[in-house]
Structures are given as C-alpha cells and as structure tokens.
Amino acid sequence: MKILFLVYHGFSEHSGISKKIHYQVKGLKENGYDVRLCYYDFAENGHRCRFVDKEVIGDYGTGAWAAVRQRMDYNCIYDYCVREGIEFVYARCFMNATPWLIRFFKKIHKAGIRAVTEIPTYPYDQEFNRHTKWDMLLGFWLDKCFRRRLYKYMDAMVTFSDAQEIFGQKTINISNGVDFDSTPLHNPQCSALNAPLHLIGVAEVHRWHAFDRVVAGIGEYYSQMSKDEGQRVRTGEQTSGERKDVYFHIVGGVHPFHMKTYFTPLLDKYPFIKDKIIFHGTQFGKQLDDIFNQCQFAIGSLGRHRSGITVIKTLKNREYATRGIPFIYSETDSDFDHQPYVLKAPADETPIDIQKIVDFVQTHQWNPEDIRKTVEHLQWKIQMKKVMDAIFTLQ
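It should be emphasised that the depicted structure is a prediction, and the values quoted were computed from it without experimental measurement.

Rules used in this analysis
Residues numbered from 1 in each chain as written. Predicted model: local features only at pLDDT ≥ 70, side-chain atom pairs only at ≥ 80, totals over all residues. Heavy atoms only, no water. Helix = DSSP H or I, 4+ residues; strand = E, 2+ residues; numbered from the N terminus. Rg over C-alpha atoms; globule rule 2.2 N^0.38 Å. Buried < 20%, exposed > 50% of the residue type's maximum accessible area, 1.4 Å probe, protein only. Lys, Arg positive; Asp, Glu negative; His and termini not counted. Charge placed at Lys NZ, Arg CZ, Asp CG, Glu CD. 1 Å grid on protein atoms, 1.4 Å probe; cavity = no way out; pocket = protein on both sides within 12 Å on 5 of 7 lines; lining within 4 Å. Points joined across faces, edges and corners; volume = space filled by probe spheres on them. Nonpolar A, V, L, I, M, F, W, Y, C, P; charged D, E, K, R; others polar. Pairing = 2+ DSSP bridges. Axes fitted to C-alpha atoms, helices over the stretch in contact; angles between N-to-C directions. Salt bridge = Lys/Arg side-chain N within 4 Å of Asp/Glu carboxyl O. Right-handed = clockwise from strand over helix to strand, strands pointing away.

Quick look at the overall build of the protein chain now. When helices and strands are tallied, the protein chain shows twelve helices and 15 strands. For the protein chain, whose C-alpha radius of gyration is 23 Å, the value lies close to the compact-globule estimate of 21 Å for 395 residues. Taken over the C-alpha atoms alone, the protein chain extends approximately 80 × 40 × 40 Å along its principal axes. Per-residue burial over the protein chain gives 51% buried out of 395 residues. Within the protein chain, one finds 51 positive and 47 negative side-chain charges whose respective centroids are separated by 6 Å.

What follows deals with empty space enclosed by the protein. Over the atoms rolls a probe the size of a water molecule, and in doing so it shows where empty space is left. Applying the stated criterion across every chain, the model contains two cavities of 30 Å³ or more. Forming the walls of the largest cavity are Tyr8, Cys93, Phe94, Asn96, Leu101, Phe105, Thr117, Leu150 and Tyr151. If you list the elements that add at least two residues to the lining of the largest cavity, you get helix 4 (99-110) and helix 5 (134-151). Here the residues of the lining of the largest cavity sort into seven nonpolar, two polar and no charged.

This part is about the sheet that holds strand 10 (residues 197-202). If you walk across this open sheet you meet the six strands as 12-11-10-13-14-15, and the pairing is parallel. Each of the sheet's edge strands pairs with one partner strand only, and the pair in question is strand 12 (277-281) and strand 15 (342-344). Between one strand axis and the next, the sheet turns by 25° as a mean value, whatever way the strands run. Where strand 11 (residues 246-251) meets strand 12, four bridges bridge the pair, whose relative direction is parallel. By the bridge assignment, Phe248 is partnered in strand 12 with Ile277.

Glancing now at the pattern of salt bridges. Counted under the stated rule, the structure contains 21 salt bridges. Ionic pairing is found between Arg36 and Glu84, a salt bridge with its closest N-O pair at 3.4 Å. Of this pair, Arg36 sits in strand 2 (residues 34-42) while Glu84 sits in helix 3 (residues 75-84); the two residues are 48 residues apart in sequence, bridging distant segments of the chain. Residue classification places Glu84 among the partly exposed residues on the basis of a relative accessible area of 25%. Taking the shortest distance from any N to any O, the salt bridge between Asp290 and Lys286 comes out at 2.8 Å. Highlighted residues: Asp290 and Lys286, both in helix 8 (residues 286-294), separated by four residues, approximately one helical turn. Here the salt bridges share partners, and the residues they tie into one network are Asp34, Arg36, Arg83 and Glu84.

An order of 4-3-2-1-5-6-7-9-8 is seen for the nine strands of this open sheet, with the pairing classed as mixed. In this open sheet, the two strands that pair with only one neighbour each are strand 4 (55-61) and strand 8 (165-166). As paired strands, strand 3 (residues 48-52) and strand 4 are joined by five bridges and run antiparallel to one another. Residue pairing across strands places Arg48 opposite Gly61, the latter belonging to strand 4.

Time to look at the pairing of strand 2. Here five bridges tie strand 1 (residues 2-6) to strand 2, and the two strands are oriented parallel to one another. Across the sheet, Leu4 pairs through a bridge with Arg36, a residue of strand 2. Assessed by its sense of winding, the connection that carries the chain from strand 1 through helix 1 (residues 16-30) to strand 2 is right-handed. With five bridges joining them, strand 2 and strand 3 adopt antiparallel strand pairing. In the strand pairing of strand 3, Cys38 is matched with Val52. The antiparallel pairing of strand 2 with strand 3 creates a hairpin that spans five residues between the two strands, and Gly46 there sits at a positive phi of about 90°.

Following this line, the structure appears as structure tokens:
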C-alpha cells in the first residue's frame, strides 16, 4: 500500500514534534508500507513550497500572496496522490480546517483514497485564551467553524486519548510511541543516595507543563528546611525525612510571557532558590544527554488540568521511560499509572511535594534497562500497525 503522510508545516532539528513525525513514518515503513512524507517549508531560493520527500510538488513563490496561496491550494497534493497511486492519507491535525482543505479531502474521498487525521491533543479548545496571538485565534475560530465538515470525509480520527468520537467521527485509539534506536539509555553520573537530587523537565514550556509547581515546591522545601534547622538548633530534635540539596534543570524554550507570569514571581518570592533552578534553553544531542545523566528524576506535565484535559498519553512520559528514568506527572495515563517507577501528583495548583520525591528516590533503585522494557509495546512500529489494522477493518 502507498501512504502519504501529510503535515502542514516544516521540521526543526530539535523539535520533539518533528522527531515524532519521522518516527511514525519509520514505524509505517517497518510494517512494509511505501510511505511518502508531504510537508510545507521554504526552499533554498526562499520560495514557499510543498514537498514530498524533498521533491517540490508545489511552488507558491514569495511574499504575502504566497503565504495565502499555500493555505488555499492543495491541488498539487491531490494531483500527486492520483499520479502516484496513493491509497491512504495519514494527516496530522494543525487546527487548520478551512473550506479549501475540506474541498481537498472531499476530492480524495471521491477518488477512493482512504484518510485519517491524527489529533495530537484532545480536547484542545482550552489551549486558546486571551493571551493567544490574534492570528492564532483567527485560525482557531476558522477551525472551530469548519472542523466537523472536514472530518466527515475521514475514515476515522486517530487519538491518544480515550475518546470514542471526535467532532462526529469515530476514533482509532493508540498511544504516543517510542523509538529505541534514537533514544540513549539514562546513565546517571551519581546516585541520589549520596549526592544532591537533580530533577529535569524537558519541554517547549507552556502553562500546561506547570513546571512552576516544581519551582514553588522547591521554594517551600527550602523554607521548611530552614525552619527544621532552626527547630533543631533550639530543641536538639531531629526532623523526619532526609533533607538534601535539590536542583531543577529546565530544558527547552521558555517564552518571555511564561517566564514573567509563572517563574519570575516565584523566584522573587523564594530568592534563596535562584541558584537551584537552571534554565538551559533548547538542547539536543550530546548536550541533552549530558544534562539527563546529571539528573536522577524527571518532571512530566503537571498542569494538563489547566487546559481541561484529564486523560492523555503524552510523548514526554514515553520519552522518559524509554531513557529509563523515573518521573512524575499529574494526568491520567493508563500506560504508566500503575508503574512502580512513577509518582503521581495531584491535578491541582498546589506546589509539588519535593520531600516526597526525595523519599521516593532514596528508597528505590531502578535499572534504566528494566524501565525501558516496560514500553517495548509502545514502539512506533506497533502503534502504527494498530492504525493500519483498524483501517482495514473499518466499513
């Protein structure tokens, strides 16, 4: 079967989304399918172009009109599908439902080509608020107006949630996958048993990651440590629970708005922890691996409730497990809720209980290889096979 994997944007070397898409394509190919990757990007001459595996299939030129054309003209993709005998289109939602995209999938449907759209996060309406840029809000409004009409031309929606129906269309439920070949095993430089505890959170930071809850937790942890020390000096009594230095490494871009809104007020409130919170910016390759190996525990999403989401299977949880590092998160994720190397945080705005993490790490030891083995069934080859098996059985 010939498959066109359709995305509506380009790729970035350090983007987790970009890597995920390439892993999905790889997973389909490992199942024996002929897969072509279609995307939109800038050519070397500065033209806005539609590509299939680096081949230009549509050149929109330059300037403002070219930017508009690429959102309206999908004829080059349709012509490619017909010319190349594409039998199945796997599209990744970009919250971009429009009359022109509806027309494209309607033509695909009439041509007998099956199609699904993957919804990376569902529901996603709550991710847009008064702080969202006006152009993104306009795109969201258009999407909200046209998405049900668009998705009626799909054979199904692919989702990482437990939803049985999305925008009036039946779903195929899978998990976000992992790629063992591209993810090195965690190799901690030292055990937290006899060293400071280093935490790591990797993300292009948004409010739903809620890393601010960890910063607040570290602030409260050191405040309590100071109180305990004062009590010990006054009374000679020892407090329960081992106290040690804790550091939080935030790896990934932090928008100035998020820094001002979520982090700066906490660092002002707890000035004594400013050297404990390290913002590394975007890192990848050996630099990222080195930071991981400095740390003993990872931070997943702690604020999905801020977007109205309670059940989700995030890519980050799977990446941490593939590396073999224990971690914490607050949503419901059936792949990990029962795992012994996972801590669950309450889905609210309370500071994270850092002492609980310290005790958890102090009283457990994990082999990274053993953690990785628990996600063997989540490899992209297996997850994408679920999609294809479902497509063949759909009526």
